[in-house]
Amino acid sequence: MSEPRTLLQIDHVSKNFGRVTAVDGISLDIRENEFFALLGPSGCGKTTLLRMLAGFETPNDGRILLDGRDIARTPPNKRPVNLMFQSYALFPHMSVRANVSYGLEMERLPAAEIRERVDAILATTELVPFADRKPEQLSGGQKQRVALARALVKRPRLLLLDEPLGALDKKLRGAMQLELKRLQHEVGITFVIVTHDQEESLVMADRMAVLKDGKLLQCDTPHAVYEYPADRFVADFIGVMNFVPGKATADGVLAANGARIAGKLPATLSPGATAVASVRPERIRLFPKAQTANRISGTVEALAYQGLDLQLHVRTPLSPKPFLVRVTADAADRRPVSAGDTIELGWDAADVRIFKD
Amino acid sequence: MAPALAWLTALMVVPCALVLALAFFRRGTYGGIEYTFTLENFGLVFDPLYAGIFLNSARIAGTATLIAVIIGYAAAYAIAAAPRRLQPVLLFFAVLPFWSNYLIRTYAWIVLLNREGLVTQLLRWFGYTGEPPSMLYTEGAVIAGLVYNYLPFVILACYAPLSRLNPELAEASRDLGASVVTTFRRVILPLTVPGIAAGAVFVFVLSIGNFVTPALLGGGRFQMIGNLVYDQFLTANDWPFGAALAMALIAIMLLVLMAQAIATDRASGHAAEARSNVDG
Amino acid sequence: MLPKREATSMAERSPATRRALWLVLSLVFAFLYIPIAVLVALSFNEGGLPTAWSGFSLKWYVSLTGNSEILSAALNTLIVALISTAIATLLGTLLAIGIEMRRQYGKGLEALIFAPMIIPDIVLAIALLSFFSMLNLTMGLHTIILAHVVFNLAFVCSVVRARLKSFDWSIVEASADLGASALTTFRRVTLPVILPAVIAGALLAFTLSVDEFIIAFFTAGAGRASTTLPMQIYAMIRFGITPEINALATIVMAVSITALTLSQRFNRGIIGQ
């Protein structure tokens, strides 16, 4: 396969509101046809970045290149970019059909073509039965689909989605995640989604960018971000992580209680520096083999069944917080554990990530 | 935005500033204005003759306010206690007369209170044979006219906080052993003070500056500040003194508004609590 | 936000309390409506006097149509109300949008907009009289219009602002995002959504202007040419009551009450959230 083409280039873009810097020198490339997620806690600058892509904010510095052309100062109504608003922003006085046609009418297309394209997108988004309803007569999920259809019908080069699933309940959200993936595949348009929900971006995105305080921390595939977080913040923000604070040594971390955690030291850390060793809950095994690199015993404080998994809170001398361990229900059935038991935990050196603390 | 603000500035702010300035000038010998600075117009406001009119106005306006607030609060309470779907209708009809012409509403009272008016007819019908009672052109007639004209606003103002009141508060008070009267006095009344204050301020401010009602129902016998201002401008031709009187009127209005702000401020603490209990 | 449960309504109260509350309501409504009802009834009274009912007649209405003073006053009122309402609706709506879009409510600005609604009429009236005479402006219908726009625009602005408080500004951005210019967005999105409030505000302004007496009285200038209907009514009440006034009062009340009822309709029929 040929190298995917870059569609959008965000080049050292900064934006400040008065003394507050919302976006601080971010550079990112977004590729043709990918599903890209901008992820971060609230106030990290992801929404400001999105609004700059849509044209509602102008960067103080840097360039935004779409197909190689700088659009940073192009007004929103002149960009081949559309935004799906968090509140959906449906026009309350127009029917579903009128909402969807609106953008094409702005392009002054012939009526017949507008009709054809609107019919097609209503069919794709399964909105045909609701075409003549007003927004107030729709459910949350239907409103969301109208907002999506209204943006997609313009066939933008880039579709921006601002927390698209935020207003839906949990069950509907799961279904809509898959629905969005399917639609994106079907229409072949590049999607950029803003979310604060790390699970959502892991599920949906082809690639994701993690932002904090207006800065880009990491940009990679969900798998790479999960398995090889760039720093302690990313490791903590994405998924669940157990941390053991201590000092860096040549072959791992020396915990406060004198225990050694074996793992590969990153090039940026030198022995003696304050460091934190980390391991994912699902990488920890109960009753490890004798040759396992890292072993520690602890007391089971609490157990929680979560369908397929069993989650354990195990108090160990390694860290002030109990260790989170996830084992399959199968494994738990083979050797049952209960609260109060003293058990041994173990994990491989290859599963340990070490960060500056 | 700009054209609207310009309009307000040119035709409200500037004229009002002009009146303020006017109050510091001397009256010319043959009417007109002599442009020399003086404070005597304000001195004249406190002259016993005029101060008396001020006090008289305040008394009439105060009485009208008190009566309007009592009747209006009772009506608002009854509306708020009516079935929910009836409330908007009742409220609408309570406020409707307020939007018909003020002069006509005042005139209606002349018809009622005239020597041979409806009230006299009614008394006759009940067998009264004496002289028709003189009701028109009395202080009572002026007060009745003011109450009648401004009552709808008091109902509206009192209804707002009453309808927002969490019914569980009254129930909690009863549950804790308070009587109906104590519950009203210690729970309901304090929480609805902002509405009462807004209604009272409205009636008082509009009454004390009124000149139509005293002129028509008082027959000119009961001078209020509004009439005094009117006379200075249209009959006595002493504009500087009229301006000083108008400024005194504005001063009274600002004082009353300040009192309202304080009353509302004190009460709003309670009210916020009362509502947050509902949210929680 | 508000108590979801129905407030302790009359149904849950004791019969005695319920009767007392209905009694209060009946008395208050009687107090509010009897004086008006008497006027309306008298306007159809053949004899025209409150002393005796001498039969139903429309003769006072007919005689109104022959009264040229009243007709010209009515025409003047209509001119003043229509023009001042048109100007006030335009300026007041733009002001409301300007304030709510920027979300800057300085205290001074708030006071400036609130002032025309609270200043005693007599004060604004003498202020404008002083102002116009200082400018040596010949007073007439045009000065009444200038004056009426002052309070009308404040009322329109407050009605439209109330609607804009619940306005979702993201639909304006959505329109731009879909390719609409600022003007198209105003015409096709903003205006249609706030239109009920704009109409309600305009009807309210019209009612206020039709009924306004004191400011018109002071800013009309000398001469009969610019007499408005309320001025005519005031003169009729003060200097000799003729039964015609009952008919005139009934018509004026009908007009303002219709306008207000329509205004309420529009304001309640607001679309969407």
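Residues numbered from 1 in each chain as written. Chains lettered and ligands numbered in written order. Predicted model: local features only at pLDDT ≥ 70, side-chain atom pairs only at ≥ 80, totals over all residues.

Remarks on the overall build of chain B
Filter applied, for reference: Secondary structure elements are taken from DSSP: a helix is a run of H or I of four residues or more, a strand is a run of E of two residues or more, and numbering for both begins at the N terminus. Using C-beta atoms placed from the backbone, we call a residue buried if 20 or more other C-beta atoms fall within 10 Å of its own, exposed if 12 or fewer do, and partly exposed for counts in between.
Looking only at helices and strands, chain B has 13 helices and 2 strands in total. Over its C-alpha atoms, taken along the principal directions, chain B stretches across nearly 75 × 60 × 40 Å. Every one of the 280 residues in chain B was classed for burial, and the buried ones make up 45%.

Let's talk about the overall build of chain A
Counted only if it meets this: By the criterion used throughout, residues are in contact when their C-beta atoms, derived from the backbone, lie within 7 Å.
Across its full length, chain A carries 9 helices and 20 strands. Projecting the C-alpha coordinates of chain A onto the three principal axes gives extents of approximately 75 × 45 × 45 Å. When the 357 residues of chain A are sorted by exposure, 39% land in the buried category. When contacts within chain A are restricted to residue pairs at least 6 apart in sequence, long-range pairs at least 24 apart make up 65% of them.

Topic: the domain arrangement of chain A
Stated precisely, the cut-off is as follows: Throughout, the edges of the domains are those of an automatic or database domain assignment.
Here chain A is described as being made up of domain 1 (6–227) and domain 2 (240–356). Look at where the C-alpha atoms of domain 1 of chain A and domain 2 of chain A centre, and you get two points 39 Å apart.

As for the environment of B:Leu55
Residues and elements named next belong to chain B. Tracing the chain through its elements places leucine 55 in helix α3 (residues 48–81). By C-beta crowding, leucine 55 is classed as exposed, having 11 other C-beta atoms within 10 Å. For the pair leucine 55 and tyrosine 77, spaced 22 residues apart in sequence, the C-alpha separation works out to 32 Å.

Examining the UniProt feature "domain: ABC transporter" (unreviewed entry) in chain A
Which entries qualify depends on this criterion: UniProt positions are given in the numbering used here, feature names are shortened, and annotations may be inferred rather than shown by experiment.
Residues given the UniProt feature "domain: ABC transporter" (unreviewed entry) here are residues 8–238 of chain A. In this annotation, residues 8–238 of chain A is assigned 36% helix and 27% strand; the end-to-end C-alpha distance for the span is 25 Å.

Remarks on the pairing of strand β3 (residues 35–39) of chain A
Consecutive side chains of a regular strand alternate in pointing toward one face of the sheet and then the other. Residues and elements named next belong to chain A. The test is simple: Think of it this way: DSSP has to see at least two bridges between two strands before they count as a pair.
With 5 of 5 residues buried, β3 is to be regarded as a mostly interior element. Of the two faces of β3, the one holding Phe35, Ala37 and Leu39 and the one holding Phe36 and Leu38 are both buried throughout. Bridging between β3 and strand β8 (residues 190–195) involves 5 bridges; their strand directions are parallel. Bridging across to β8, alanine 37 finds its partner in isoleucine 193. Pairing analysis gives 4 bridges linking β3 to strand β9 (residues 207–212), with the strands arranged parallel. Paired with alanine 37 across the two strands is methionine 208, which belongs to β9.

Some remarks on the interface of chain C and chain B
Think of interface size as the accessible area that goes away when the parts come together; that is how it is often given. Let me state the cut-off plainly: Amino acids are sorted into nonpolar (Ala, Val, Leu, Ile, Met, Phe, Trp, Tyr, Cys and Pro), charged (Asp, Glu, Lys and Arg) and polar (every other residue, Gly among them).
Listed as interface residues are 60 residues of chain C and, on the opposing side, 67 residues of chain B. Contributing elements (two or more residues each) for the side of chain C that touches chain B: α1 (15–43), α3 (68–102), α4 (107–118), α5 (121–134), α6 (141–164), α8 (182–211), α10 (229–238) and α11 (244–268) of chain C. By residue class, the composition of the side of chain C that touches chain B is 48 nonpolar, 9 polar and 3 charged.

Some thoughts on the arrangement of the chains
By contact count, the leading pair among the 2 pairs of chains in contact is chains B and C. Across the gap from chain A to chain B, with no contact made, the nearest C-alpha atoms are 20 Å apart.

With respect to the confidence of the model for chain B
Just so we agree on the cut-off: Every residue is assigned a pLDDT by the predictor, reflecting its confidence on a scale from 0 to 100.
Model confidence for chain B is summarised by a mean pLDDT of 85, while 94% of its residues fall at 70 or above. Predicted confidence is poor over residues 276–280 of chain B, with pLDDT under 50, and the contacts of this stretch with residues over four places away or in other chains come to 4 contacts.

Points about the UniProt feature "transmembrane region" (unreviewed entry) in chain B
Following the UniProt record, the feature "transmembrane region" (unreviewed entry) maps to residues 6–25, 37–55, 61–82, 89–110, 141–162, 195–219 and 239–259 of chain B here. As annotated, residues 6–25 of chain B has a helix share of 85% and a strand share of 0%, and its two end C-alpha atoms lie 27 Å apart.

Concerning the sheet that holds strand β13 (residues 260–262) of chain A
Residue and element names in this part refer to chain A. Quick note on the threshold: Interaxial angle, 0 to 180 degrees, is taken between N-to-C directions of lines fitted to C-alpha atoms, where a helix line uses only the stretch in contact.
The 5 strands are arranged β13-β12-β11-β14-β20 in an open sheet whose pairing can be described as antiparallel. Each edge of the sheet is formed by a strand with only one pairing partner; in this case those strands are β13 and β20 (353–356). With strand direction ignored, the average angle separating the axes of adjacent strands in the sheet is 40°. Across 6 bridges, the pairing between strand β11 (residues 242–249) and strand β14 (residues 274–279) is antiparallel. Counted as the bridge partner of lysine 247 is threonine 274 from β14.

Remarks on helix α3 (residues 111–124) of chain A
Applied cut-off: In a helix, the anticipated span is given by 1.5 Å times the number of residues less one.
Taking 1.5 Å per residue as the helical rise, α3(A) with its 14 residues ought to reach 20 Å, and the 20 Å between its terminal C-alpha atoms agrees with that figure. The secondary structure elements touched by the buried residues of α3(A) are α2 (96–106) and α4 (140–152) of chain A.

Regarding the interface of chain C and chain A
Taken residue by residue, the interface counts 16 residues in chain C and 20 residues in chain A. Counting only elements with at least two residues in the side of chain C that touches chain A, the list comes to α7 (170–177) and α8 of chain C. When residues of the side of chain C that touches chain A are assigned to their parent elements, the largest contribution, 6 residues, is made by α7(C). Looking at the side of chain C that touches chain A residue by residue, the classes come out as 9 nonpolar, 4 polar and 3 charged.

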